[in-house]
Amino acid sequence: VRYQLSTNVAALSLMFAAPALGMPLPLLPLQILWINIMIDGPPALALGAEPPSQDEMRKPPRNSRAGFISGNLALAILVLGLVMAAISLAVFSFYLSFEPDKAFTVAFTLFVFLQLFNALNCRSAQQSAFFRPFSNPSLFAAIIVSLMLHMLIVYFAPLQGIFKTVPLGIFDLALITGAASLIVVLEEFKKKFVPKVTVY
């Protein structure tokens, strides 16, 4: 739930904010469909196979009258979504003034990378993304497959024409990876220093 809804908040925020700030729409409808079906789908399914945390039975029971989405969970979804949108907008704006021919492909690829990094965040509400990193091989397989499929769109000429992408260089991919990793840094900081807000 946290993974899928934060993705939707990020996409909606990005598509509303860009025109409001005088920028063109960073994602095409076909690209949004690709993200929703091929990028979000496999990691979301794999998250369902995540083994329970070792301290699950030590936690107090939830209030039976509490809503399905708690205040902390709603806040986490909102913050994750808005941060991903802000990172995407910042990099998109930079490329529009620096290399406008690559700006849309960079924004598309960055949004994909953000979703894949966010899947690591959503393995656990309280534990680090790096705790028992290989306990769910299905998730890493899903991330790798999604990444490979996206790289085909960026570098395979017939698909470039369909998805309106251009090849990216090493610098572009390094910048995209670094920017996308910020979402993990933020979540790790929250889990370590503000643990109260990670109780969903």
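All residue numbers refer to positions counted from 1 along the written sequence of the respective chain. Given that the model is predicted, a residue must reach a pLDDT of at least 70 before its local features are reported, and side-chain atom pairs must reach 80 or more before they are shown or counted; all residues, however, enter totals for whole chains, interfaces and linings. Computation of side-chain values: all heavy atoms of the structure, hydrogens and water removed.

(A) Representation of the side chain of Asp-40 within the structure. A helix here means a DSSP run of H or I that spans at least four residues, while a strand means a run of E at least two residues long, and both kinds are numbered starting from the N terminus. Along the chain, Asp-40 turns up in the loop between helix H2 (29-39) and helix H3 (41-47). Relative accessibility under 20% of the residue-type maximum defines a buried residue, over 50% an exposed one, and the middle range a partly exposed one, all with a 1.4 Å probe and only protein chains included. Under the counting rule used here, the positive set is Lys and Arg, the negative set is Asp and Glu, and His together with the chain ends is not counted. By definition, a salt bridge exists where a carboxyl oxygen of Asp or Glu is found within 4 Å of a side-chain nitrogen of Lys or Arg. Buried and unpaired, Asp-40 has no salt bridge, with Arg-2 as the nearest side chain of opposite charge at 14 Å. The contact criterion used is simple: two residues touch if any of their non-hydrogen atoms lie within 4.5 Å. Ignoring sequence-local partners within four residues, the contact set of Asp-40 consists of Tyr-3, Gln-4, Thr-7, Ile-35 and Gln-115.

(B) Up close: the nonpolar core. Buried residues of nine kinds, namely Ala, Val, Leu, Ile, Met, Phe, Trp, Tyr and Cys, make up a nonpolar core once their side-chain atoms join them within 4.5 Å. Core analysis: the biggest nonpolar cluster contains 48 residues, and Leu-27, Phe-108, Leu-110, Phe-111, Val-112, Leu-114 and Leu-139 have the highest contact counts within it. When contributions to this core are tallied by element, the ones reaching two or more residues are helix H1 (2-20), H2, H3, helix H4 (71-98), helix H5 (100-121), helix H6 (137-155) and helix H8 (170-193). Considering each element in turn, this core owes the most residues, 12 residues, to H5. If we ignore the near neighbours within four places in the chain, the residues touching Leu-114 are Met-84, Ile-87, Ser-88, Ala-179, Ala-180 and Ile-183.

(C) Structural view of the pattern of salt bridges. Tallying each qualifying case throughout the model produces five salt bridges. Of the charged contacts, one joins Lys-102 and Glu-99 as a salt bridge, the two residues approaching to 3.8 Å between their closest N and O atoms. Among the residues examined, Lys-102 registers a relative accessible area of 16% and is labelled buried. Judged by its relative accessible area of 22%, Glu-99 is partly exposed. Asp-172 is paired through a salt bridge with Lys-102; the nearest N and O atoms lie 2.7 Å apart. With Asp-172 in helix H8 and Lys-102 in helix H5, this pair connects stretches of sequence that are 70 residues apart. Here Asp-172 and Lys-102 have matching classes, each one buried. One salt-bridge network, in which partners are shared between bridges, spans Arg-2, Glu-187 and Lys-190.

(D) Spotlight on unusual backbone geometry. Although it is not a glycine, Arg-132 adopts a positive phi angle of roughly 45 degrees. On the secondary structure map, Arg-132 appears in the loop between H5 and H6. By relative accessible area, Arg-132 is classed as partly exposed at 27%. Despite not being glycine, Lys-164 has its phi angle at roughly 60 degrees, a positive value. Of note, Lys-164 is situated in the loop between helix H7 (157-163) and H8. Judged by its relative accessible area of 55%, Lys-164 falls in the exposed class.

By themselves, these observations are geometric and do not establish any function.
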